[in-house]
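# Chain and residue survey
Listed below are the residues making up each chain.
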Amino acid sequence: MVEVSRINVSLKGLTLLTITLVLAILTLTYYAHQGSQREVVVVGAPTILYNAGLAQRLLEDFKFNLGYKVEFRYVVRGTGDLLRLLADGSLCIAFTLSPPLERRYAEEGKIDWHGVFAYNYFIIVGPREDPVGVSKASNVTEAFKRILDGGERGVAVFVSRGDLSGTHVRELQIWSLAGLKPEGRRWYLRTSQGAPETLITASNLKAYTFVDEGTFKELKSRGKVGDLEVLFTQDTYLLVNVYSIVTSRHDRCKGGHLEELLRSIVEYVLGEGQDVLEREYAVKGVFYPARGRSELLEIWRQLSALEARQGG
């Protein structure tokens, strides 16, 4: 009897030990699996920044330097579309470049605008023959007037993105400031596509168009827009292209680790990420860091107050 009892006790002890070991292994496996999982964050990026690789470069550097286990995926659209996606919580963070739209969504309580992190310039490009003398204009509104007059005379064509992107909104602002309404004219064409496609269309047609300098330089270097030249640049604040970082105020984007992660991304882009811009993009004359350029905030305010009416 004594021997049997000892055996029973031993078996019970062995069973408890086995169960304990199995539970320990399962627990370690669970936490190891959890620790290896990467959080997925969908980022909104305008075509300008995505095609240049700037959005991806900044966020990859963010992961590398801060050690976050996160996978970034991108929705590439015009700023108007990105802000709508932020408003309904489909996106929680995005890069944008349309001050009037950013201001409107912020005032409606749909997004938080965190600041300008980069800038470059808009330019007018067109055929090297420049049949309407855009290169001789004293300011950008006069340049647009020359294009309209040339279009009415049948010697000029203008190609617009027409997609409510930041570039398109700025173009509309300038037409409006010039008191002109090009919409519906035979010489005013809309692609409803991104900057590269619009530039290539303008090159094929030997037409004028409005674009950021970074996209133009990149396509020009690849021989994609050989029939186009820079004809007008460096005007007043109207041609300064400011890039902002914004986050959604939707409930889906609030609370927990996600909100903390979004805050860290914003802080990085406005802080350490400026070194990446300086080191890898400013030297090429494509994008410039906003750090130390306090006047960009005033430029953003001026631009955000301008109207951008469709059709003028």
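Provided above is the structure to which this section pertains.
Residues numbered from 1 in each chain as written. Predicted model: local features only at pLDDT ≥ 70, side-chain atom pairs only at ≥ 80, totals over all residues. Heavy atoms only, no water.

Another aspect to go through is the nonpolar core. In terms of nonpolar packing, the biggest core is built from 68 residues, with Phe117 and Ile124 touching the most fellow members. Take this core: its biggest share by element is seven residues, from strand S4 (residues 111–127). By size, the runner-up hydrophobic cluster in this structure holds twelve residues, among which are Ile123, Ala202, Ala207 and Leu228. (Core = buried A, V, L, I, M, F, W, Y, C linked by side-chain atoms within 4.5 Å. Buried < 20%, exposed > 50% of the residue type's maximum accessible area, 1.4 Å probe, protein only. Helix = DSSP H or I, 4+ residues; strand = E, 2+ residues; numbered from the N terminus.)

A few words on the pattern of salt bridges. Oppositely charged side chains can form a pair if their charged atoms are brought close together. Tallied over the entire structure, the rule returns 21 salt bridges. In this structure, Asp112 engages Arg249 in a salt bridge whose closest nitrogen and oxygen atoms are separated by 3.6 Å. Here Asp112 is found in strand S4, whereas its partner Arg249 is found in the loop between strand S9 (240–248) and helix H10 (256–270), with 137 residues between them in sequence. The shortest N-O distance in the salt bridge between Arg128 and Glu229 comes to 3.2 Å. Taken as a pair, Arg128 in the loop between S4 and helix H6 (140–152) and Glu229 in strand S8 (residues 228–232) lie far apart in primary sequence, 101 residues in all. Among the residues examined, Glu229 registers a relative accessible area of 26% and is labelled partly exposed. When salt bridges that share partners are traced, they join Arg57, Asp61, Arg279 and Glu280 into one network. (Salt bridge = Lys/Arg side-chain N within 4 Å of Asp/Glu carboxyl O.)

All chains considered together, the criterion is met by one cavity of 30 Å³ or more. Considered as a void within the structure, the largest cavity measures approximately 60 Å³ in volume. Around the largest cavity, the lining residues are Thr47, Ile48, Asn51, Ala52, Pro196, Asp212, Gly214, Thr215, Glu218 and Phe287. Only helix H2 (47–52) and helix H9 (213–221) provide two or more residues apiece to the lining of the largest cavity. Residue contributions to the lining of the largest cavity peak at four residues, all from H2. Looking at the lining of the largest cavity residue by residue, the class counts come to four nonpolar, four polar and two charged. (1 Å grid on protein atoms, 1.4 Å probe; cavity = no way out; pocket = protein on both sides within 12 Å on 5 of 7 lines; lining within 4 Å. Points joined across faces, edges and corners; volume = space filled by probe spheres on them. Nonpolar A, V, L, I, M, F, W, Y, C, P; charged D, E, K, R; others polar.)

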